[in-house]
Amino acid sequence: MQPHDKPALFKLVADVLGYYRQDVSPFVLNVWWSACQPFDMDQVSKALTAHATNPDHGQFAPKVADVVRILTGTHSDRAQLAWGKVHEAMSSVGGYTDVVFDDPAIHAAINDCGGWVKLCRSELDDISYLQHRFGQSYQAYSGMAEYEYPKVLTGDRSPDSMFLKRGLQPPAPVYVGDQGKAKQTFLLGGPTKERELTENERMFASAL
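Residues numbered from 1 in each chain as written. Predicted model: local features only at pLDDT ≥ 70, side-chain atom pairs only at ≥ 80, totals over all residues. Heavy atoms only, no water.

**What about the packing of aromatic side chains?**
Two descriptors summarise a pair of aromatic rings, namely the distance from one centre to the other and the angle between the planes of the rings. Here the structure, examined in full by the defined rule, presents six aromatic pairs. Ring geometry for W83 and F134: centres 5.4 Å apart, planes at 55 degrees, overall tilted. In this pair, W83 is assigned in helix α4 (residues 64-92) and F134 in helix α7 (residues 127-142), connecting sequence segments 51 residues apart. A relative accessible area of 6% means that W83 is categorised as buried. Pairing F134 with Y138 gives two aromatic rings, centres 5.9 Å apart and planes at 25 degrees, and the pair type is stacked. Of this pair, F134 and Y138 both sit in helix α7, separated by four residues, roughly a single helical turn. (Phe/Tyr/Trp six-rings, centres within 6.5 Å; stacked < 30°, edge-to-face > 60°. Helix = DSSP H or I, 4+ residues; strand = E, 2+ residues; numbered from the N terminus. Buried < 20%, exposed > 50% of the residue type's maximum accessible area, 1.4 Å probe, protein only.)

Shown next, in the form of structure tokens:
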């Protein structure tokens, strides 16, 4: 959640607590703001609706812990969906191409798993372990308000400098998922680690 979401969140919380005939103080609103920052407005709104319509707990006014509990479960579901997107891209895009996903947490989680190339070259027997590790990292990052991630997941290709020396533009990364969100991932991400040259690439570079 971004700072500009604060007024909308305050109004949402005030409306919900008003439904339960409860007063809202600045302290209460600030507690909600602090707890809800790792999530987005749509998630919080749906979680509050889910609480209100719950036959066991819906008659009681929601507390911050109720919403966080609901959204923590949602994080697990989102991690599964994110892994499905990654697994599909491993086949459709492959490890020789730079890639940008529409979710920064995917970049951070893949970086924790050793990078895009390593993930794409994983043995079949290691996939279950990597999926588990990815899921843990993804849930951790998606629960943070701020974290660092590489703007591009680099593939196993020649470095940009080699293309530029030949007067060619480096290949553009493949955007996976929502194109607008993927471009935001690229624009807001951090620097990418320099790709190590293979022996063949060093020979090619020296010949330029």
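That covers the picture; the talk isn't over yet.
**Quick look at the packing of helix α1 (residues 6-19) against helix α2 (residues 26-36)**
The angle between the axes and the distance between the axes are what describe a pair of packed helices. In the contact formed by α1 and α2, the axes pass within 10 Å of each other and the chain directions differ by 120 degrees. When the axis of α1 is compared with that of α2, the two are oblique. The crossing of α1 and α2 is right-handed. Residues K6, L9, F10, V13 and L17 of α1 form the contact with α2, whose participating residues are V28, L29, N30, W32, W33 and C36. Residues of the contact of α1 with α2, tallied by class, amount to nine nonpolar, one polar and one charged. (Axes fitted to C-alpha atoms, helices over the stretch in contact; angles between N-to-C directions. Parallel < 35°, antiparallel > 145°, perpendicular 65-115°, else oblique. Left-handed = near helix turned anticlockwise from the far one by under 90°. Contact = heavy atoms within 4.5 Å. Nonpolar A, V, L, I, M, F, W, Y, C, P; charged D, E, K, R; others polar.)

**Overview of the nonpolar core**
V86, F101, I110, W116 and F134 are the most contacted members of the largest nonpolar core, which totals 25 residues. Only α4, β1 (99-101), α5 (104-112), α6 (116-120) and α7 provide two or more residues apiece to this core. Per element, the largest residue contribution to this core is six residues, and it comes from α4. If near-sequence neighbours (up to four positions away) are discounted, F101 is found in contact with K85, V86, A89, I106, H107, I110, W116, L153, V176, A182 and T185. Formed by 19 residues, the second largest nonpolar core is a distinct cluster that contains L12, W32, A61 and L71. (Core = buried A, V, L, I, M, F, W, Y, C linked by side-chain atoms within 4.5 Å.)

**Topic: the confidence of the model for the chain**
Of all residues in the chain, 92% attain a pLDDT of 70 or more, and the chain-wide mean is 88. A low-confidence stretch, residues 196-208 stays under pLDDT 50, and its non-local contacts, those more than four residues away or across chains, total 14 contacts. (pLDDT = per-residue confidence, 0-100.)

**Quick look at α1**
Under the 1.5 Å per step criterion, the end-to-end length of α1 is 20 Å for 14 residues, consistent within 8% with the ideal 20 Å. Where the residues of α1 are buried, they touch α2 and α3 (41-52). (Expected span 1.5 Å × (residues − 1).)

**Some remarks on α5**
Within α5, burial applies to A105, I106, H107, A108, A109 and I110. Where α5 starts, the residue carrying a side-chain oxygen 3.0 Å from the main-chain nitrogen of A105 turns out to be D103. (Polar contact = N/O pair within 3.5 Å; in protein donor to acceptor, adjacent residues only side chain to side chain.)

**Some points on the packing of α5 against α7**
At a closest axis distance of 8 Å, the pairing of α5 and α7 adopts a crossing angle of 135 degrees. Classified by the interaxial angle, the pair formed by α5 and α7 is oblique. Pair α5 / α7 crosses with right-handed handedness. Packed against α5, whose contacting residues are A105, I106, A108, A109, I110 and D112, the element α7 presents R133, F134, S137, Y138, Y141 and S142 at the interface. Looking at side-chain class alone, the contact of α5 with α7 contains eight nonpolar, two polar and two charged residues.

**Regarding the environment of V100**
Tracing the backbone shows V100 in strand β1. By relative accessible area, V100 is classed as buried at 0%. It is 22 Å that separates the C-alpha atoms of V100 and S76, two residues lying 24 residues apart in sequence. The residues contacting V100, other than those within four sequence positions of it, are H107, K151, V152, P173, V174, Y175, V176, A182, T185 and F186.

**Let's talk about unusual backbone geometry**
Positive phi is not limited to glycine here, since R21 has a value of about 60 degrees. Relative to the helices and strands, R21 is located in the loop between α1 and α2.

**Quick look at the environment of G95**
Here G95 lies in the loop between α4 and β1. Separated by 23 residues in sequence, G95 and K118 place their C-alpha atoms 8.0 Å apart. Beyond its immediate sequence surroundings of up to four residues, G95 is in contact with W116, V117, C120, G155 and D156.

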